[in-house]
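Fold and contact review
Below are the chains, spelled out letter by letter.
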Amino acid sequence: MKRFDKVTPEGTRDLLFEDCAVRQRLTNRLTELYHRRGYRQIITPGVEFYDVFTLPSSGFPQDSMYKLSDNRSRLMVLRPDCTIPIARLAATRLAGMAKPLRIYYAQNVYRMEQSLRGRLSEIWQAGVELIGDCSLRSDLEMVELAASSLAGLGPGSRIELCHIGYFRAVIGSLEADTDTKEEIRQCVEQKNYAALGNILDRFPGDPAAAALRKLPRLFGGEEVFEEAAALFGENGAAESLGYLRDIYEALCRLGLSDQILIDLGLVNQAEYYTGIVFRGYLDGVGEPVLSGGRYDNLLRDFGEPCPAIGFAVELDPVAAVTEHLPSPPADALVFADEKHLPQAIQCIKELTAQGKVVENCLLDDVSQAIAYGRQQGIPLLYVAGEDQKPLDLTVEGGGDR
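Below is a short write-up of the structure. (Residues numbered from 1 in each chain as written. Predicted model: local features only at pLDDT ≥ 70, side-chain atom pairs only at ≥ 80, totals over all residues. Heavy atoms only, no water.)

**Considering the pattern of salt bridges**
- The final tally for this structure, using the stated rule, is 21 salt bridges.
- With its nearest N and O atoms 3.5 Å apart, the salt bridge here joins D316 to R13. You can see D316 sitting in helix α10 (residues 315-320) and its partner R13 sitting in the segment before α1 (17-36), a full 303 residues away along the chain.
- Relative accessible area serves as the criterion here: at 7%, D316 is assigned to the buried category.
- Among the residues examined, R13 registers a relative accessible area of 39% and is labelled partly exposed.
- Among the ionic pairs, R279 bridges to E189, the shortest N-O distance being 2.2 Å. (Salt bridge = Lys/Arg side-chain N within 4 Å of Asp/Glu carboxyl O. Helix = DSSP H or I, 4+ residues; strand = E, 2+ residues; numbered from the N terminus. Buried < 20%, exposed > 50% of the residue type's maximum accessible area, 1.4 Å probe, protein only.)

**So, the layout of surface pockets**
- By volume, the largest pocket is sized at about 1,700 Å³.
- In terms of lining residues, the largest pocket is bounded by 48 residues, among which P61, R111, N268, Q269 and R279 are the most central.
- Of all elements in the fold, only α2 (83-91), β6 (122-131), α4 (164-172), α5 (178-190), β11 (290-294) and β12 (308-314) reach the threshold of two or more residues within the lining of the largest pocket.
- The leading source of residues in the lining of the largest pocket is α5, at 7 residues.
- When the residues that make up the lining of the largest pocket are grouped by side-chain class, the tally is 17 nonpolar, 15 polar and 16 charged.
- When its volume is computed, the second largest pocket comes out at roughly 280 Å³. (1 Å grid on protein atoms, 1.4 Å probe; cavity = no way out; pocket = protein on both sides within 12 Å on 5 of 7 lines; lining within 4 Å. Points joined across faces, edges and corners; volume = space filled by probe spheres on them. Nonpolar A, V, L, I, M, F, W, Y, C, P; charged D, E, K, R; others polar.)

**Observations concerning helix α6 (residues 193-200)**
- Those residues of α6 that sit buried are L196, G197, I199 and L200. For α6, the arc enclosing every buried residue in end-on projection is 160°, short of the 170-degree limit, so these residues lie on one face. When the buried face of α6 is taken as reference, the exposed residues oriented beyond 90 degrees from it are A194 and N198.
- Buried residues belonging to α6 abut α5 and α7 (207-214). (Arc of directions from axis to C-beta. Contact = heavy atoms within 4.5 Å.)

**A closer look at the sheet that holds strand β2 (residues 47-49)**
- Taken together, 3 strands build an open sheet; the order of strands is β2-β4-β3 and the sheet is antiparallel. Across the chains shown, the open sheet's two edge strands, defined by having one partner strand only, are β2 and β3 (67-69). On average, each strand axis in the sheet is inclined to that of its neighbour by 40°, with strand direction left out of account.
- Where β3 and strand β4 (residues 75-78) come together, 3 bridges link them in antiparallel fashion. Within β4, the position partnered with S69 by the bridge is L75. (Pairing = 2+ DSSP bridges. Axes fitted to C-alpha atoms, helices over the stretch in contact; angles between N-to-C directions.)

Printed below as a string of C-alpha cells:
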C-alpha cells in the first residue's frame, strides 16, 4: 500500500519561514486598514454544518466542498467560504446588534479544485463585510476600501466594476429556458464569443439577444454607459446603469479613474449577487486577487432579512509575487554554563521585555557560542552569571576568549 506520510495533499503546501513572513506582512497591512476604518474582527469555525452552504441564495457549488461527518454522523464541511458563515453569525448571535455591522476576517477557506488547474485548495483570505445598509454610501465605501486594499498590497492595481442588475434585466427579457440562460451566463463570464454567438443565433431579431451578444465587449471607461444604454434599457436595465454610473463618477472624483474599469460582462454567481459586483487585479498576478459585491438576499435565508456587501482578498497569489526578504538574525544570543542556566532564562526574559529578539544558546562552551553567533549574524552575546557588558560579535576579535 502506498503511504502519503511525507507529502501534503493536492492543493496544499508547507509554508516556510520567509513565506510565512510575507503572508503575515500582507495580512497585517489589510487588517490594520480595516481596523482603522471601523471594522471589527471575527473568526468563524473551520468546520461548519453542510446545511449552512445549501441555502437558496448561497449559490455555492456543492462538489467543491470537503465533506466529513461528526461523531453523530451529521454531515460537515471544511469552511469553503467566509461570507456565508458570517451571514449565519450576523443573523443569529449578532441579530440584536445595532446596524450597520462592520466585520473583517483573516482565515483559510478550503475548496476542492479540479486537478491540473494549478489552484490551491487551501486559500488564505482577508476580507470585510458591511451588513445592514443598502445605500449608495455603503457601496461606495466598499469599492473604495477594495481599491485601498489593493494599493496597500502592490503597484499596478485595478478594479473591474459591474451591476448585476443590467445582465438580469437583459437575460430576464430573453424567451429561453433556465438551462439555456445559464449557458449564456457562462459564455458571457468566460468571454466565449463563438459559443455565445451559436446560442444566440436561435433568437433572431430579439433585442435582448442582440444585447447579450455584445455584453462581453462592454468593457472600458465612461463610454461603456452610452453603449449599454443604446443596446438595452428595459426591465430595469436603465436604472442599474444609472446607479452604476453614480458610483463610477464618485470614484473618479476620489482620484480613482485610472484604477476603475466598467465590465458589464462580470456576471459570475448571478443568483448570489443582487447589485454591484467587482473584481480586483494586481500587476504580475495572472488571476483576480479580490472579488466582492452586494448580496442582499443571503441573510434572509438565515431568517434575518438584511442587506449586505463585502469582498475578500486572496493573499497567496499576492505573496507569490511579493519580495521575500531574508529573516533578520536575533538581536542577541545568551549563553550559560550548567551552573547558571536559570540566570540565562532570566536574562532572556529581561531582554525580550525590552523588545529584543533573543536566542538561547544550547552549546556547552562559550567559544562554540561565539562561533555560532558569528555564523548566524547575531551581534551580541550575553554570558549568564557575568556582570560585564555583552560581547560584540561584529567587531574583529570581539568576544575572543
